[in-house]
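Read off the chains here:
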Amino acid sequence: MNLISNLDGLFKPRSIAMIGASASPGKLGYDILHNLIHAGFDGPIYPVNPKADKLLGLKVYKDISSLPEPPDLAVIVIPSRMVSGAIDECGKLGTKAAVVVTGGFAEAGMEGEKMQEELARIAGGYGMRVVGPNCQGINNAHHSLCASWPLLTTRGRIAFVSQSGTVGAALIDWASEDQIGFSVFVSMGNRADVDEADCINYLNDDPNTKVIALYLEGVKRPSTFLDSLARATKPVVILKSGRTARGRVAAESHTKSLAGDDAIYGAIFEQYKVHRADNLEELYDFAKALAYMEKPSGKRLLHISSSGGAAILAIDEAENLGFQSPPPSKALQKKLRTFLPAHCGVTNPIDLTGDAISDPSLYSKVIDAAKQDYDTSVVIFGDPVHGASDIVTGKGELVVYCGGADVEREEARLLHQKGIPVYPTPERGIRALYQLVRFDETSRAPKTSHDKASESPLKLMTAKQSADLLRKYGVAAFDAEPVATANKAVAMAKRYKGPVVLKIDSPDVSHKTDVGGVRLNLSGAAAVKGAFEEIIGTVRKKIPGARIEGVTVSPMADPGGLEVILGVIRDPQYGPALMFGLGGIFTEIYRDVKFCLLPAKVSDFKGMIRGIQGYPLLSGFRGQKPKDEKALIVVMKALSKLVKDNPEIDQIDLNPILVYEKGISVVDYRIYTR
């Protein structure tokens, strides 16, 4: 059975059984039955209730076995202990799909988890697809199906998929209030069967859906999820909660799935061109733009407003996101002067002042005059401008309406009915517009952070073991010869022609500089011996319980290299990920880093290098010669192979790596194993 027909029983059923239908308003069994009927579903609806003969004008069936035909879809609202039995009975009849609204399963503890596993096993045996349990149901506006609540029927282009019923319902409520509507709503609940990957795949083939918007707390099947993102040809917008440490704990307890490291999700969304939203408003705003606006051919914006302040807010946000707001050409200014009042500015923004209230046609005239010069007209109705819905065309315009009170609400409704999205603030509108060009080559990406916290106990490899392993894979790691006494340190230092570096050798010390465990540029026996004594004394004082085995001796690196960091972390769901950024002390200060999943292509490595804000330091800045990017990529490829061949390695830190005009030197390194 192909992918789309496999879920048609859920989204396009020909008949529905409402198991647990109720005669009591306010109970889910009543409310969902009411919504199934009043959504306009044109197939038969079979309420099942052993104590009623008729409900809401429909004949009631005492049990599942007495139904006149196998229903395509069963909507189940009965006590959790009875659900598996109902699934079994439906499966015997040949029911294709079920929505289990009932809670009390995996979210409720071990006993509930066992019941959920049994539910999934029974449904799987019949090939029955299940949404839930513990969910708010599904709603397909284009099929007149509302197996959910509240009753919302306005048809649109955005599909909302949510691990939280309330979050999803809020979004479709906004869409219905705005009268842009939605195509499909899915509240996945505990995801005993149907999950986010299934929904992305199905909705990607749904002709009524143009954009897929998801609220996620965690991912059930990581590799299948990545496959669904890779397959998606429609825009995918995701709000991923659980970004902080405490948030991840809450998400894990809520969804019974690993929430994952947020930096890893940032890398995934970047790689698969997912439009990441930071909050519910952005999830909704971004989806609106991607569903209803055409992609502009460039980033030149003309701001047309009756409010100078609102236009400035728009320009600030636009500049932050890489848009340009250049002044009009002299020819365009001359043209604008032929019809604009003398007191109206003709720079950028075009400030129509309060004259736009009495003469809204000024907007139309400016839009028409500027179409050839700018990619997008940012049209800001900053007052109660009547007729706004007749002014804009929906072609090449971003519409912001703020400060218009009742007039604004009426005009926004009319604009939405025409399929033209309206935004209530300049900033929200500009951020939504940015989604249309977000993944263009010149668009900037937001900063991400690096968090390597691991709950499992890790073992720090010795410096010599680490150096030997790195060299085996062709990584130019500096010598780090361990010595246990000051005299041996002096003898080892004599082997090198120039100055040396001493570092504490301890399995309990990761950040050596922080505890006074490093001395640089040492020449001569006295300096080496004195540095040895200082390092040992300082570290013992700062970390009394640390196991100290001596120091390591390394040659001093040549000056002139740029400090960068390369690292690997192994995510519990997605496996190894590579990190790149500015190194040395700047790593923790600026957190200017990028991630990508391994294995990766050379183009991914180049994207990481060129994606950090400090990239000009590598490419050549103010007369400086470019650094050796090819040598960096060689190390990236080596680390990718190293972690593939050595699955016991959990983390790698090469920091700093000195990058020269020709070649690199890996000065310090740490490798952790499980």
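See the structure shown above.
An account of the accompanying structure is given in this report. The structure displayed is predicted, hence computed values, not measured ones. (Residues numbered from 1 in each chain as written. Predicted model: local features only at pLDDT ≥ 70, side-chain atom pairs only at ≥ 80, totals over all residues. Heavy atoms only, no water.)

Bringing helix H5 (residues 110-126) into the picture now. Along its 17 residues, H5 runs 25 Å from first to last C-alpha, staying within 8% of the 24 Å computed at 1.5 Å per residue. Within the span of H5, buried status applies to Gly112, Met115, Gln116, Leu119, Ile122 and Ala123. For H5, the buried positions fall inside an angular range of 130° around the axis, keeping them on one side. In this structure, H5 carries Met110, Lys114, Glu117, Arg121, Gly124 and Gly125 as exposed residues pointing more than 90 degrees from its buried face. Its buried side turned inward, H5 meets helix H4 (80-93), strand S6 (97-100) and strand S7 (129-131). Remark: glycine 127 follows H5 within two positions and exhibits a positive phi of approximately 70°. (Helix = DSSP H or I, 4+ residues; strand = E, 2+ residues; numbered from the N terminus. Expected span 1.5 Å × (residues − 1). Buried < 20%, exposed > 50% of the residue type's maximum accessible area, 1.4 Å probe, protein only. Arc of directions from axis to C-beta. Contact = heavy atoms within 4.5 Å.)

Here the focus is the packing of aromatic side chains. The tally for this structure, following the rule as stated, stands at eight aromatic pairs. Aromatic ring contacts, followed pair by pair, group Tyr265, Phe269 and Tyr574 into a single cluster. A cation sits over an aromatic face here: lysine 240 above tyrosine 265, 4.7 Å from the ring centre. The aromatic ring of tyrosine 423 is capped on one face by lysine 288, whose charged end is 4.7 Å from the ring centroid. (Phe/Tyr/Trp six-rings, centres within 6.5 Å; stacked < 30°, edge-to-face > 60°. Lys NZ or Arg CZ within 6 Å of the ring centre and 35° of its normal.)

This paragraph deals with the sheet that holds strand S1 (residues 16-19). Pairing within the open sheet is parallel, and its five strands lie in the order S2-S1-S5-S6-S7. With partners counted over all chains shown, the strands left at the sheet margins are strand S2 (45-48) and S7, one partner each. Neighbouring strand axes in the sheet, compared pairwise and without regard to direction, differ in orientation by 15° on average. (Pairing = 2+ DSSP bridges. Axes fitted to C-alpha atoms, helices over the stretch in contact; angles between N-to-C directions.)

Let us now look at the sheet that holds strand S9 (residues 145-148). Pairing in this open sheet of seven strands is mixed, and the strands run S9-S8-S11-S10-S12-S13-S14 from one edge to the other. Each end of this open sheet is capped by a strand with a single partner; those strands are S9 and strand S14 (275-277). The average angle at which neighbouring strand axes cross in this sheet is 20°, direction not considered. Here strand S8 (residues 137-140) runs beside strand S11 (residues 182-187); their pairing, made up of four bridges, is antiparallel. By the bridge assignment for S11, asparagine 139 is matched with phenylalanine 185. Across the sheet, helix H10 (residues 262-271) is in contact with strand S13 (236-240) and S14; its angle to S14 comes to roughly 145°.

Let's shift gears to the pairing of strand S5 (residues 73-76). Burial along S5 is two-sided: Leu73 and Val75 facing one way and Ala74 and Ile76 facing the other are all buried. Two elements, S1 and S5, share four bridges in a ladder whose sense is parallel. Note on S5: the bridge partner recorded for alanine 17 is alanine 74. Where S5 meets S6, four bridges bridge the pair, whose relative direction is parallel. Looking at the pairing, leucine 73 lines up with alanine 97 of S6. Assessed by its sense of winding, the connection that carries the chain from S5 through H4 to S6 is right-handed. (Right-handed = clockwise from strand over helix to strand, strands pointing away.)

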